[in-house]
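Listed below are the residues making up each chain.
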Amino acid sequence: QLYGYCYQDSNDIPDTLTTITELGSPLEMIQLLQTSWEDRFRICLSLVRLLHYLAHSPLGSVTLLDFRPRQFVIVDGELKVTDLDDASIEESTCTSNSDCFMEFPARNFTLPCSVEGRCQSMNEKRNLYNAYRFFFTYLLPHSAPSSLRPLLDKIVNATGNCNEHGNAQYCLLYPSPSVNSEFTQKCVKSANTKYRRVPEAFIPDENYRCWPSYHHKGCLLSVFDVNEAIEICDSYSQCKAFVLTNQTTWTGRQLVFFKMASTHIMPDPDKITYVKVTD
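Keep in mind that what you see is a predicted model, and the values were worked out from it rather than measured.

### Description of the pattern of salt bridges
Within the structure shown, the criterion is met by eight salt bridges. One salt bridge connects lysine 80 with glutamate 22, and the closest N-O pair in it is separated by 2.8 Å. On the criterion of sequence distance, the pair formed by lysine 80 in strand S6 (residues 78-81) and glutamate 22 in the loop between strand S2 (16-21) and strand S3 (25-26) is long-range, its members being 58 residues apart. Its salt-bridge partner being arginine 68, residue aspartate 66 comes within 2.7 Å of it at the nearest N-O pair. Connected through salt bridges with shared partners, the residues Glu38, Glu228 and Arg253 form a single ionic network.

Following this line, the structure appears as structure tokens:
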């Protein structure tokens, strides 16, 4: 987001424009791979919206010639481009299809040359393939929900092929609500283990670490409902209780603390504790 700008013209530095923008966090791919799939999906979704805007900007189709992670920052969980020095609206000129050759380290593409002598959709395709090789191929499939993997494989393959049969960004932008819905309303098996419900209660300690977790010193995960929380707790041998919080993720899933004991329960009007019943 642009907060302000200043134009400077002096003998030392002519034609200089200084911009003041919102502050974002540097993009660290290793750290992103350690976050929850839900957060990584949000980053990919914000990147898709950016691709869509670049393809249909008021200036025309814009390409980012230096499309790498270091050109982006994260602001409140959303991916935003921060370096526009290498943005271009020029579509490559051509006399034949052979002039519309895009070369990348892993594969190459030849695009059609239009009757106007321009390579068709080259700016859009270049952005899409760079988004695939730097972002989607790492962030989307890794630890994704099993029910969503066929759809995610289709999305990743479409971007890797530059979606040669239509506008590239739509294969990602429009399936995203169904991905969001499937992930939010995850179906779970009914659990056999019994739990005792303790309203307005919280377990302050008894933490254990799990992955991925929203809390670096404990096991804090998102769930669709109590049944999914029970299924998760049953899957961890050290889990003896869990606490429903009043916090939710960006998709509306509820955040839950999973605990390794329930010996010390404290009153808390904003939380509900479930304790595993032992025979």
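We are not done yet, so read on.
### Some words on a nonpolar patch on the surface
On the surface, Leu2, Tyr5, Tyr7 and Leu17 cluster together into a nonpolar patch covering about 500 Å² of accessible area. Ranked by the residues each element gives to the nonpolar patch, the list is headed by strand S1 (residues 2-8), at three residues. You can see leucine 17 is positioned in strand S2. Taking the relative accessible area as the measure of exposure, leucine 17 reaches 53% and is therefore exposed.

### Describing empty space enclosed by the protein
Overall, the coordinates contain two cavities of 30 Å³ or more when judged by the stated rule. The computed volume of the second largest cavity comes to approximately 30 Å³. For the lining of the second largest cavity, the secondary structure elements donating two or more residues are helix H2 (37-55) and helix H3 (122-139). The biggest single contributor to the lining of the second largest cavity is H2, with three residues. Split by residue class, the lining of the second largest cavity holds four nonpolar, two polar and one charged.

### Quick look at the layout of surface pockets
Space inside the largest pocket adds up to approximately 720 Å³. Along the wall of the largest pocket there are 28 residues; nearest its centre are Gln1, Leu2, Val81, Thr82 and Leu84. Here the lining of the largest pocket takes five residues from H2, the largest share from any one element. Counted by class, the lining of the largest pocket contains 16 nonpolar, six polar and six charged residues.

### Some words on the packing of H2 against H3
Where H2 contacts H3, the axes come no closer than 11 Å and their chain directions differ by 175 degrees. In terms of orientation, H2 and H3 fall into the roughly antiparallel class. In this structure, H2 contributes Trp37, Arg40, Ile43, Cys44, Leu47, Val48, Leu51, Leu54 and Ala55 to the contact, and H3 contributes Glu124, Asn127, Leu128, Ala131, Phe135, Phe136 and Leu139. Classifying every residue of the contact of H2 with H3 gives 13 nonpolar, one polar and two charged.

### As for the pairing of strand S12 (residues 241-248)
Here S12 pairs with strand S13 (residues 254-259) via five bridges, running antiparallel. Each residue of the ladder has a partner; that of threonine 248, found in S13, is glutamine 254. The turn joining S12 and S13, which pair antiparallel and follow one another in sequence, is formed by five residues; a positive phi near 95 degrees is taken by glycine 252. Two strands pair when backbone bridges link them, and S12 and strand S14 (residues 266-276) are joined in this way by four bridges, in the antiparallel orientation.

Here is what the cut-offs are and how they apply
Residues numbered from 1 in each chain as written. Predicted model: local features only at pLDDT ≥ 70, side-chain atom pairs only at ≥ 80, totals over all residues. Heavy atoms only, no water. Salt bridge = Lys/Arg side-chain N within 4 Å of Asp/Glu carboxyl O. Helix = DSSP H or I, 4+ residues; strand = E, 2+ residues; numbered from the N terminus. Patch = residues over 30% accessible without salt bridge, like charges linked within 9 Å, V, L, I, M, F, W, Y side chains within 5 Å. Areas by Shrake-Rupley, 256 points an atom, 1.4 Å probe, with all protein chains shown as cover. Buried < 20%, exposed > 50% of the residue type's maximum accessible area, 1.4 Å probe, protein only. 1 Å grid on protein atoms, 1.4 Å probe; cavity = no way out; pocket = protein on both sides within 12 Å on 5 of 7 lines; lining within 4 Å. Points joined across faces, edges and corners; volume = space filled by probe spheres on them. Nonpolar A, V, L, I, M, F, W, Y, C, P; charged D, E, K, R; others polar. Axes fitted to C-alpha atoms, helices over the stretch in contact; angles between N-to-C directions. Parallel < 35°, antiparallel > 145°, perpendicular 65-115°, else oblique. Contact = heavy atoms within 4.5 Å. Pairing = 2+ DSSP bridges.

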